[in-house]
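Single-letter residue listing:
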Amino acid sequence: HTRYWRDWSSDVCSSDLQPPVSPRMTSELTTYSSKYFFSHELRSLSTPNWAHLIIVPHRLFGQWKQEIDQHSTLSYVPIETKRIMKGDTIANLIIQHRIVLTTDKCYKHVQSYTETHRIEWDQIMIDEASSIYFHSSDPPLRFQYLWLITNNWIPLIMKNPNVIKSNLFFLRDR
């Protein structure tokens, strides 16, 4: 076994072959978003006013509502537009039901509203996370746990989704 390793290593070291050059993979995450998603420090909720937030693409909001209604007994607060978030009524419903379903177009208004009413997010689930764009000027989401749900995770970590598939085989089954 040792002899084989020595022979192989000497052959490789004496060879003039250059290692294959792979395309440079860069992260699409900015300094802000990298810190936002990957340097999140766990914190305990400081208030009894907490809830879970589900953010879905606007086009899937109706489907999510239908699936929750048909296949579960969960009580939740659906917020599709910012018009319904006036006064304390929605805040009381959020605290009572503990689950909020909203869209990628409305989540920033929901976040501002809940901050005003001192409601914290325990868990945030983002459906189709690779297709939802979070702008750095949006109010930051404060949470204990973040779940990114997607069938296409490459855009979450790559700036250029046109990556040659064969270069990614080493990621499979890990």
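Our structure's up above, just so we're on the same page.
Here goes a summary of the coordinates provided. Nothing here was measured: the structure is a model prediction, and the numbers come from that model. (Residues numbered from 1 in each chain as written. Predicted model: local features only at pLDDT ≥ 70, side-chain atom pairs only at ≥ 80, totals over all residues. Heavy atoms only, no water.)

Moving on, we get to the environment of Trp-121. Along the chain, Trp-121 falls in strand β4 (residues 120-127). As a C-alpha pair, Trp-121 and Leu-53 span 68 residues in sequence and 6.6 Å in three-dimensional space. (Helix = DSSP H or I, 4+ residues; strand = E, 2+ residues; numbered from the N terminus.)

A few words now on the side chain of Thr-103. Here Thr-103 is to be found in strand β3 (residues 99-103). Among the residues examined, Thr-103 registers a relative accessible area of 0% and is labelled buried. (Buried < 20%, exposed > 50% of the residue type's maximum accessible area, 1.4 Å probe, protein only.)

Here we take up the pattern of salt bridges. Applying the stated rule across the entire model yields 2 salt bridges. Between Glu-115 and Arg-142 there is a salt bridge, and its shortest N-O distance comes to 4.0 Å. Residue Glu-115 is found in helix α5 (residues 107-116), and its partner Arg-142 is found in the loop between β4 and β5 (143-149); the two are separated by 27 residues along the sequence. (Salt bridge = Lys/Arg side-chain N within 4 Å of Asp/Glu carboxyl O.)

Along the chain, Thr-47 falls in the loop between α2 (31-38) and β1 (50-56). Residues Thr-47 and Arg-118, 71 residues apart in the sequence, show an inter-C-alpha distance of 7.8 Å. When neighbours within four sequence positions are excluded, Thr-47 is seen to be in contact with Arg-118 and Glu-120. (Contact = heavy atoms within 4.5 Å.)

The next point concerns the pairing of β1. With 6 of 7 residues buried, β1 is to be regarded as a mostly interior element. Across 5 bridges, β1 lies against β4 in parallel orientation. The residue bridging Ala-51 from the neighbouring strand is Trp-121, located in β4. Where β1 lies against β3, 5 bridges are found, and the strand directions are parallel. (Pairing = 2+ DSSP bridges.)

What follows covers the sheet that holds β4. Reading across the sheet, the 5 strands line up as β2-β3-β1-β4-β5 and stay open at both edges, with parallel pairing between neighbours. Looking at strand neighbours, the two that pair on one side only are β2 (77-79) and β5, the edges of this open sheet. Neighbour-to-neighbour, the strand axes of the sheet open up by a mean angle of 15°, direction not taken into account. Relative to β5, β4 runs parallel, the two being bridged by 6 bridges. Residue pairing across strands places Met-125 opposite Trp-147, the latter belonging to β5. Sheet strands touched by helix α3 (residues 61-71): β1, β2, β3 and β4. Its angle to β3, the strand with the most contacts, is close to 155°. Contacting β1, β2 and β3, helix α4 (residues 89-97) crosses the sheet at an angle of about 135° to β2. (Axes fitted to C-alpha atoms, helices over the stretch in contact; angles between N-to-C directions.)

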